[in-house]
Amino acid sequence: MFQAITYLLLKWESVLAVITEDSIQKTGKSPVSKKKKSSWITSLRFRWFSQISFFIITIYIGWSFYLFVRYCESGGVTAFVARPPGIEAFLPIGAFMGLKYFLGTGAVDPLHPAGFIIFASILVTSFLFQRGFCSWICPVGTMSEWAWRFGDWIKSKFNSRVSYWLEKFPVKLTCGLSMITTPIVALMLLNMITFASFKSPGMKYIFPFMIAAIVIPFVLPRKIWPARVEDAIARAWKYTLLAFFTVNIVIKMSAAQIGMIFERAPYMKVADIKMMHFFLNLSLLAIIILFLLFFFSIFNKNYWCRYFCPYGALIGILGWASATRIVRNKKTCIDCSKCTIACPVYIEVEKKNIVYDVECLGCYDCVDSCPVNGALDMKVLWFGKKVHYAVYAGLVVGLFVVFMNTARFTGYWYNNVSVQEYTELVRDLDNPRFKHQQGKFEIEE
Ligand code: SF4
Ligand code: SF4
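Rules behind the numbers
- Residues numbered from 1 in each chain as written.
- Chains lettered and ligands numbered in written order.
- Predicted model: local features only at pLDDT ≥ 70, side-chain atom pairs only at ≥ 80, totals over all residues.
- Helix = DSSP H or I, 4+ residues; strand = E, 2+ residues; numbered from the N terminus.
- Buried ≥ 20, exposed ≤ 12 C-beta atoms within 10 Å, placed from the backbone.
- Near = placed C-beta within 6 Å.
- Nonpolar A, V, L, I, M, F, W, Y, C, P; charged D, E, K, R; others polar.
- Pairing = 2+ DSSP bridges.
- Contact = placed C-beta atoms within 7 Å.
- Core = buried A, V, L, I, M, F, W, Y, C linked by C-beta atoms within 7 Å.
- Expected span 1.5 Å × (residues − 1).
- pLDDT = per-residue confidence, 0-100.

Visitor: In this structure, what is going on with the overall build of the chain? I would like to understand it.
Guide: If you tally the helices and strands in the chain, you get 19 helices and five strands. Counting the 445 residues in the chain, one finds 33% classified as buried.

Put into structure tokens, the structure is as follows:
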């Protein structure tokens, strides 16, 4: 019995080999050498190890910060836990302000230095290694990936029509909403309208256009409304958010103004604690939005990262300059489409010679899935040098860690607010001086 099974398997392997050789001869391609997958360590498993490690670190930081705030709120009754500076990574607006402050003065934000250092390290890493941060480090990217892998399993239980709609509904809705928000934000950034404009009686005339914008992606046939157009319009969300931050912080605010805010705005001192309270006491609206983001992330790959994350938008643009790229060798490629199917950001890798795409995450999933030796690799352009995934990971993660530790040892990691001061601030948190109105802070004399 065992011999019969072995014989059949060997026979099947030789049939496959003949088919592959045939297809190569018919297409006039170079002979291929199939990859030997002997090791259980693949780029995917290696990446998961990195992602899970950073995810655990993030949970640890969040928990430590919670215990620190509890210590301050209790007036020192609960056990003391030091404030983890890494929590500042969750203050994206503060990071943008820190960047402008640094560009204008050459100094590091004294309130959230770790936030600025993390932000700067992400920018430098992206410039060199495209969006490797998103797929190897970012905990939000990790959760997105877990969500869509689970979603892939759910979709496999339904017929193709149902899975199509589960996947496309989020994009169509996001696209429709983007057709409303993008022009509104653009007009606001050009100072042509303000929040007050929404109260004008003329607003009622644009409601039919808003409804049409939402309906269009659902009703127009693909021939006149291609998927790539829909996707591009939906992705305008993240560029709109990025433009909003860039114009309002980097362009409109001077470094001196930001310095004054760091020094004298009480809100900025407790921005991290306010953020924690926001997540611990979510409003109904926030719960609905977070639920929808999570739900859509299950059925549409990397939904948050692809359509909304302004960091992702920025580092995607910076990553355009990176010399490390996925490169396809069309002579040895057998056009099997496995790379395209594996790509979590829907890039048609099989049709590219070099993947120049702001969405490429440097995740190596395409390389891992390619069955042919040398047909698809991450390479350093100009030198043509192949970059092994372990080297790539080492560079992305290593650079990130080197930045943190350099900041730690040179005194740019811990802020200048004492535990005593935090304890006093926390007890007065309901005071209006710790609130902000549409981004405007109270400045103390
Ligand atoms: S092209 Fe390859 S490396 Fe880039 S995101 Fe797609 S699968 Fe990942
Ligand atoms: S996985 Fe992509 S690059 Fe590799 S052989 Fe198939 S089509 Fe070509």
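Visitor: Help me out: how do you make sense of the site of ligand 1 in this one?
Guide: The full set close to ligand 1 counts 15 residues, and C343, C360, C363, D365 and C366 are the nearest of them. Within the shell around ligand 1, the residues separate by chemical class into 13 nonpolar, one polar and one charged.

Visitor: So what exactly am I meant to see when it comes to the pairing of strand β2 (residues 376-380) here?
Guide: Within a regular beta strand, the side chains point alternately toward one face of the sheet and then the other, so they alternate between its two faces. As defined by bridge partners, strand β1 (residues 324-328) adjoins β2 across five bridges and the pair is classed as antiparallel. Looking at β2, one finds that V327 is bridged to D377. Both β2 and strand β3 (residues 385-386) contribute to a ladder of two bridges, which runs antiparallel. What sits directly across from K379, in β3, is K386. Linking β2 to β3, which pair antiparallel, is a turn of four residues; within it W382 sits at a positive phi near 75°.

Visitor: Could you clarify how one ought to interpret the sheet that holds β1 in this entry?
Guide: Sheet strands pair by backbone hydrogen bonding; their relative direction is either parallel or antiparallel. Taken together, the three strands give an open sheet; going across it, the order is β1-β2-β3, and neighbouring strands pair in antiparallel fashion. If you trace the sheet from one side to the other, it starts and ends with β1 and β3, each paired once.

Visitor: What should I look at first to understand the environment of A236 in this one?
Guide: One can find A236 in helix α9 (residues 227-251). For the pair A236 and Y307, spaced 71 residues apart in sequence, the C-alpha to C-alpha distance is 7.3 Å. Residues within four places of A236 in sequence aside, it is in contact with S178 and T182.

Visitor: Looking at this structure, I do not really get the nonpolar core. What am I missing?
Guide: Nonpolar side chains in soluble globular proteins generally cluster together in the buried interior. Ranked by internal contacts, the top residues of the largest apolar core, which has 69 residues, are F133, I326, C366 and V396. When residues of this core are assigned to their parent elements, the largest contribution, seven residues, is made by helix α4 (residues 113-129). Not counting the four nearest positions on each side in its chain, C366 is found in contact with I326, C339, A342, C343, V349 and L376. Formed by 13 residues, the second largest nonpolar core is a distinct cluster that contains A147, I233, W237 and Y307.

Visitor: In this structure, what is going on with α4? I would like to understand it.
Guide: Think of an α-helix as 3.6 residues a turn; residues three or four steps apart then line up on the same face. Look at α4: 24 Å from first C-alpha to last across 17 residues, which is about the 24 Å you get at 1.5 Å a residue. Among the 17 residues of α4, twelve are classified as buried, and the element is accordingly described as predominantly covered. Within α4 the residues assigned to the buried category are P113, A114, G115, F116, I117, I118, F119, S121, I122, T125, S126 and F129. Looking at the buried positions of α4, the neighbouring elements they touch are α3 (92-105), α5 (132-136), α15 (310-319), β1 and α18 (389-410).

Visitor: What is the right way to look at the site of ligand 2 in this model?
Guide: Lining the immediate surroundings of ligand 2 are 15 residues, of which C333, C336, C339, E350 and C370 lie closest. Taken together, the residues that form the shell around ligand 2 break down as nine nonpolar, two polar and four charged.

Visitor: Please clarify how the environment of N353 should be interpreted in this entry.
Guide: By the secondary structure assignment, N353 is in the loop between α16 (338-342) and α17 (365-369). We classify N353 as exposed; it has 12 C-beta atoms within 10 Å. In this structure the C-alpha to C-alpha distance between N353 and N329, which are 24 residues apart in sequence, comes to 6.8 Å. Dropping the residues within four chain positions of it, N353 is found in contact with R328 and K330.

Visitor: Teacher, can you tell me more about the confidence of the model for the chain here?
Guide: The predicted model of the chain has a mean per-residue pLDDT of 88, with 90% of residues at 70 or higher. Across residues 1-27 the pLDDT falls below 50, and counting only partners more than four positions away or on other chains, this stretch makes five contacts in the model.

Visitor: Would you explain unusual backbone geometry in this entry?
Guide: If a residue is not glycine, its phi is most likely negative; likewise, a peptide bond is most likely trans. Even without being a glycine, N302 presents a positive backbone phi close to 50°. For N302, the location among the structural elements is in the loop between α13 (284-299) and α14 (303-307). Residue class for N302 comes out buried when judged on the 23 C-beta atoms lying within 10 Å of it. With a phi close to 70°, Y364 is a non-glycine residue in the positive phi region. Mapped onto the secondary structure, Y364 falls in the loop between α16 and α17.

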